[in-house]
Amino acid sequence: MPTSDHNMNIWDIDFHVGLTFENGRAWVAEDKVVDLLDRYGIERAVISASGLGPDGWVDANLRISKLVASANDRLIGGYTSPTNAFRESETLKEYAEELVANGISCIRLMPETGPQAAPMVLGKDCAILEAIEVYAMHRVPLILPVGHFFTGKKRFEYGPDAIERIAKQFPEMPIILVQGNYRLMQVLEGMLKRCSNLYLTISGLGLFYQLESLVRRIGAERFVFGSGAPEMEPSMGIGMLLWSRLSVEEKQKIASSNVAGILGKSKC
Amino acid sequence: MLDEAIRARTLRGQPIDSCPVFDVHGHIGASRDSLVGEIMDSNCDEKFNSVYVNLEQQRGISWPRALPLLMEAMNLTGINRMVFSHLDAITARTTDIYFKAHREAEEAIWFTEKRLLGYVVYAPHFVESSLTQLKRLKESSSGFVGVKLHCEVHDVRISDERFNGLFEHLKDYPCPVLIHAHPLDTPLEIARRAKSVPDTTFIMAHFWPGEHMAKFLTQECPNVCIDICASKTPLGQLERMVELVGSSRLLYGSDATYLSLGAQLAKVTLADLTQAEKEAILFQNASHIFSEYLTR
């Protein structure tokens, strides 16, 4: 049996703190984050937050920064950038330069929230591409949600093609696809095979032996642990991984080594 | 402490060995490489060998459903017992396929020496065949211990008259019924059916009817329980459900070989629940519901 005789070192690349404005029941209070990580045996987590209003993303990043400072051996800032500039005098590129100057280790594009919010798009002529270019120059890993593909979810209006185009345009920049679920696997598998800088979190790969099967075809190097909390229960990804039929080495890569390597690529 | 033991074993990826985990929601399915079709015509030694030959073949399948890998996953996680239904019986397009799937299910029960027990699938499109298959429940040698309804796949709501024959049968012969509800089924419709056969225990699959209505349904019907498997579960849902309906009304189910067995089990083993609550969900409630079948 390919079990391990020691606790895996688990790093979580996808942990949202505070209200998500997607689910009224499941959310994580800021003062409970470390306790929760302890319960799940998660050593370190990249934490993100979202905010409402034009400067919501600034407030969210300040909250994350404060939280990281309070437990910097456990928490890594998953800083966010909006996908639209809110003032005529500002550009997304400037936001990116400011974040990079502050030494971020990864970036998550976060669309506005609320019923009237503009959706997040990644089209060819979008201003966000200038910002992505800044992140790419500094090899800042980019975190992108993909769970909305083909669902018509109004917050996100980009699909696999847009991500693949960005991945090919910036091949040195790691792009971590989060919240992909088992229904999308055919599409995501194709993307992972075509673009070697794409990585996928495992929590949504919930079918029987799906994780083992994908690792066999694509390699453990391309998968990372991301709980997707609070939209997803972190225990699911943990149980799926630790009780999988993968080797101890493969499990450890997915549990933390891959994420550590990806975050280590940032030149910030 | 059981709680610390199962948490520690989960985080080491070791099988849970401190309690006899009972999974009330499993599946097997045939494929062209399937084990079950082959062992029906084999003697015991050949059957044993074919399991392991086929185990390797099964690894080449991107979403395997056959018995060998289910048993392997049960051993990896430490699942002691499972009640399952055959996927082909649920998706059968003809009565031949429906009966063949149940024969294969019996083979699996026999082959695992009743570590796996079976649900008879009641297929509302094949009422006569389903009523015929239900008779196997009364034969202790068959290893069938309950009934599975998949109202969503069959696209037949629980209130539909095609289920009346089943409920007549349950009046004479109450047995556990696992229900995957139709998207349009309501808690009131389920309650109406559940109240008509109070000696039958109903297990609502996949946390149905969810956090908003679970308390209503379980208070209204003492014979309704809820299983916890779901492909997507928000953080803390199990804990909130325990608060709403009590741990005595929740059952561990994995939905393997549809869903990952480990992902569903860790929901309980790593939950913020007491030892007693975890024990209830992992095996005590199911052992009680299926008690009369475990000894026969």
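Model, not experiment: these values are computed from the prediction.

**Side note on the nonpolar core**
Argument step 1. In terms of nonpolar packing, the biggest core is built from 181 residues, with Y135(A), I175(A), L177(A) and I179(B) touching the most fellow members.
Argument step 2. With 7 residues, helix α4 (residues 67–77) of chain B is the largest single contributor of residues to this core.
Argument step 3. In contact with L177(A), other than residues within four places in its own chain, are L144(A), V146(A), L188(A), L198(A), Y199(A) and L200(A).

**Some words on helix α12 (residues 237–245) of chain B**
All names here are of chain B.
Argument step 1. Buried within α12 are the following residues: Q237, L238, M241, V242 and V245. Buried residues of α12, viewed axially, fall in a sector of 140°; they line one side.
Argument step 2. At the C-terminal side of α12, G246 shows a positive phi close to 90°.

**Thoughts on the sheet that holds strand β8 (residues 250–251) of chain B**
Paired through their backbone hydrogen bonds, the strands of a sheet run either parallel or antiparallel.
All names here are of chain B.
Argument step 1. Ordered in space as β1-β2-β3-β4-β5-β6-β7-β8, the 8 strands form an open sheet in which the pairing is parallel. Strands with a single pairing partner mark the edges of an open sheet, and in this sheet they are β1 (21–28) and β8.
Argument step 2. Here 3 bridges tie strand β6 (residues 202–204) to strand β7 (residues 224–227), and the two strands are oriented parallel to one another. What sits directly across from M204, in β7, is I226.

**Some remarks on the interface of chain B and chain A**
Argument step 1. Counting residues at the interface gives 33 residues for chain B, matched by 35 residues for chain A.
Argument step 2. For the side of chain B that touches chain A, the elements supplying multiple residues, two or more each, are α1 (2–12), α4, α12 and α13 (261–269) of chain B.
Argument step 3. The residue inventory of the side of chain B that touches chain A, partitioned by class, reads 15 nonpolar, 12 polar and 6 charged.

**Thoughts on the packing of helix α5 (residues 160–169) of chain A against helix α6 (residues 185–194) of chain A**
Residues and elements named next belong to chain A.
Argument step 1. Two elements in contact, α5 and α6, have axes separated by 11 Å at closest approach and are oriented at 10°. Taken as axis vectors, α5 and α6 run roughly parallel relative to one another. Side by side, α5 and α6 meet where P160, I163 and E164 of the first sit next to V187, M191 and R194 of the second.
Argument step 2. By residue class, the composition of the contact of α5 with α6 is 4 nonpolar, no polar and 2 charged.

**Quick word on the pairing of strand β6 (residues 142–145) of chain A**
Residue and element names in this part refer to chain A.
Argument step 1. Because side chains alternate across β6, one face comprises the buried residues L142 and L144, and the other comprises I143 and P145, equally buried.
Argument step 2. Note: strand β5 (residues 107–109) against β6, 2 bridges, orientation parallel. Bridging from a neighbouring strand, R108 pairs with I143 of β6.
Argument step 3. Where β6 and strand β7 (residues 175–178) come together, 4 bridges link them in parallel fashion. Bridged to P145 within β7 is V178.

**Points about the pairing of strand β8 (residues 198–201) of chain A**
On a regular strand, each side chain points to the face opposite its neighbour's, so the side chains alternate between the two faces of the sheet.
Residue and element names in this part refer to chain A.
Argument step 1. What you see with β8 is no split at all: L198 and L200 on one side and Y199 and T201 on the other are buried throughout.
Argument step 2. The pairing of β7 with β8 spans 3 bridges and is classified as parallel. Its bridge partner being in β8, I176 is matched across the sheet by Y199.
Argument step 3. Between the parallel elements β7 and β8, the chain passes through α6 in a crossover that is right-handed.
Argument step 4. The sheet contact formed by β8 and strand β9 (residues 223–224) spans 2 bridges and is parallel. Its bridge partner lying in β9, T201 is registered against V224.
Argument step 5. On the question of chirality, the crossover connecting β8 to the parallel β9 by way of helix α7 (residues 210–218) is right-handed.

Cut-off values and rules
- Residues numbered from 1 in each chain as written.
- Chains lettered and ligands numbered in written order.
- Predicted model: local features only at pLDDT ≥ 70, side-chain atom pairs only at ≥ 80, totals over all residues.
- Core = buried A, V, L, I, M, F, W, Y, C linked by C-beta atoms within 7 Å.
- Buried ≥ 20, exposed ≤ 12 C-beta atoms within 10 Å, placed from the backbone.
- Helix = DSSP H or I, 4+ residues; strand = E, 2+ residues; numbered from the N terminus.
- Contact = placed C-beta atoms within 7 Å.
- Arc of directions from axis to C-beta.
- Pairing = 2+ DSSP bridges.
- Nonpolar A, V, L, I, M, F, W, Y, C, P; charged D, E, K, R; others polar.
- Axes fitted to C-alpha atoms, helices over the stretch in contact; angles between N-to-C directions.
- Parallel < 35°, antiparallel > 145°, perpendicular 65-115°, else oblique.
- Right-handed = clockwise from strand over helix to strand, strands pointing away.

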